[in-house]
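# Chain and residue survey
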Amino acid sequence: MTNSEYIQLATLAVVIVYTFVTYRLLAAQSRQGFENKFFQLLNLHHEIVGAIERYVGQLPVRGRRNFSTFYDEFVSNFQTEYNKNPSADPLQIIQGGYKHFFENRQPDIGHYFRNLYHIIKYVHESKESDKDFYAHLVRAQLSSSELLLLFYNCLGTKGNEKFKPLAERYSLLENMPENKLASDTLKLSDHRKLYDPKAFSKD
């Protein structure tokens, strides 16, 4: 092999190493940028939850504790809608009940669900290889009552098209107490059937 050939091989090796190192640096920078925004969104989620406030008499109830009351209110709205026409399609009854509930509680939970959807959408549309890890990190922040309300939010007329597929894809409802669903409480047809089983997957 001539000196010229050795030089060509050495140059090629340098180019390959440089390309590899550059790729690794760019990948690291990309992940850092993704994680910075992800945790900013997650912090915003906690701020939104903390800012939720309602009054019981003169006493304020703040933050996550409100979601159990919100969920009870939805179940009451659902039952009212069901009593109007028990033979109607279950999804139609759910959407009617959720519509009335949301109209009353939109100032409290509208921003909450928009931001939660935005976080999961951001993860889904990212180029990260371990999207499930980040989606499950979000899931771990949600209380039982939040998960129950998320279940029905995703069946509402707005959530059914965009948020529900993401909830199924990332098993966001895995830790939800399924025996607290309105269908279980009121002894009706199982509302879980309206979801792909993946939404509750333990895998």
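It should be emphasised that the depicted structure is a prediction, and the values quoted were computed from it without experimental measurement.

### Concerning the environment of Phe 102
Note that Phe 102 resides in helix α3 (residues 90-125). The class for Phe 102 is partly exposed, based on a relative accessible area of 21%. If near-sequence neighbours (up to four positions away) are discounted, Phe 102 is found in contact with Ile 109 and Gly 110.

### Examining the pairing of strand β1 (residues 53-56)
With four bridges connecting them, β1 and strand β2 (residues 59-62) associate as antiparallel partners. Bridge pairing in β2 places Tyr 55 opposite Pro 60. From the end of β1 to the start of β2, which pair antiparallel, there are two residues, and Gly 57 there has a positive phi angle of about 70°.

### Here we look at α3
With 36 residues, α3 should cover 52 Å at 1.5 Å per step; its first-to-last C-alpha distance of 32 Å lies more than 12% under that length. A bend of about 95° at Gln 106 is the largest found in α3, and the proline Pro 107 appears one to four places after it. Structurally, the start of α3 carries an N-cap: the backbone nitrogen of Leu 91 is 3.2 Å from a side-chain oxygen of Asp 89.

### Here we look at unusual backbone geometry
Despite not being glycine, Ser 171 has its phi angle at roughly 50°, a positive value. Within the fold, Ser 171 resides in the loop between α6 (159-169) and α7 (182-185). At Lys 187, a residue that is not glycine, the phi angle is positive and equals roughly 60°. Summarising the element assignment, Lys 187 is placed in the segment after α7. The class of Lys 187 is exposed, set by a relative accessible area of 73%.

### What about the nonpolar core?
Side chains that are nonpolar tend, in soluble globular proteins, to be buried together. If you look at the biggest cluster of nonpolar residues, it comprises 51 residues, and the most contacted ones within it are Phe 38, Phe 74, Leu 150, Phe 151, Tyr 152 and Phe 163. Residue assignment for this core shows that the elements contributing at least two residues are α1 (3-51), α2 (66-84), α3, α4 (131-139), α5 (144-153) and α6. No other element matches α3, which puts 13 residues into this core. Beyond its immediate stretch of four places on either side in the chain, Phe 151 contacts Leu 173, Met 176, Leu 181, His 191, Arg 192, Tyr 195 and Phe 200.

### Looking at α2
The first and last C-alpha atoms of α2 sit 28 Å apart over 19 residues, in line with the 27 Å expected at 1.5 Å per residue. Listed as buried for α2 are Asn 66, Phe 67, Phe 70, Tyr 71, Phe 74, Val 75, Asn 77, Phe 78 and Glu 81. Residues of α2 that are buried make contact with β1, β2, α3, α5 and α7.

### Examining the packing of α2 against α5
Contact pair α2 / α5: the axes reach a minimum separation of 8 Å and the direction vectors enclose 35°. Here α2 and α5 pass one another in a crossing that is left-handed. Only Ser 145, Glu 146, Leu 148, Leu 149 and Tyr 152 of α5 make contact with α2, whose side of the interface consists of Phe 67, Ser 68, Phe 70, Tyr 71 and Phe 74. A breakdown of the residues in the contact of α2 with α5 according to their chemical character gives seven nonpolar, two polar and one charged.

### Topic: the packing of α3 against α5
Closest axis-to-axis distance for the α3/α5 pair is 10 Å, and the angle between their directions is 120°. Handedness of the α3/α5 crossing: left-handed. Residues Ile 94, Tyr 98, Phe 101, Tyr 112, Phe 113 and Leu 116 of α3 pack against Glu 146, Leu 149, Leu 150, Tyr 152 and Asn 153 of α5. Taken together, the residues that form the contact of α3 with α5 break down as nine nonpolar, one polar and one charged.

### Re the side chain of Asn 77
Within the secondary structure, Asn 77 sits in helix α2. Among the polar contacts made by the side chain of Asn 77, one reaches the main-chain carbonyl oxygen of Glu 73 at a distance of 2.7 Å. In contact with Asn 77, other than residues within four places in its own chain, are Gly 97, His 100 and Phe 101.

Cut-off values and rules
Residues numbered from 1 in each chain as written. Predicted model: local features only at pLDDT ≥ 70, side-chain atom pairs only at ≥ 80, totals over all residues. Heavy atoms only, no water. Helix = DSSP H or I, 4+ residues; strand = E, 2+ residues; numbered from the N terminus. Buried < 20%, exposed > 50% of the residue type's maximum accessible area, 1.4 Å probe, protein only. Contact = heavy atoms within 4.5 Å. Pairing = 2+ DSSP bridges. Expected span 1.5 Å × (residues − 1). Bend = angle between axes of the 7 residues up to and from the residue. Polar contact = N/O pair within 3.5 Å; in protein donor to acceptor, adjacent residues only side chain to side chain. Core = buried A, V, L, I, M, F, W, Y, C linked by side-chain atoms within 4.5 Å. Axes fitted to C-alpha atoms, helices over the stretch in contact; angles between N-to-C directions. Left-handed = near helix turned anticlockwise from the far one by under 90°. Nonpolar A, V, L, I, M, F, W, Y, C, P; charged D, E, K, R; others polar.

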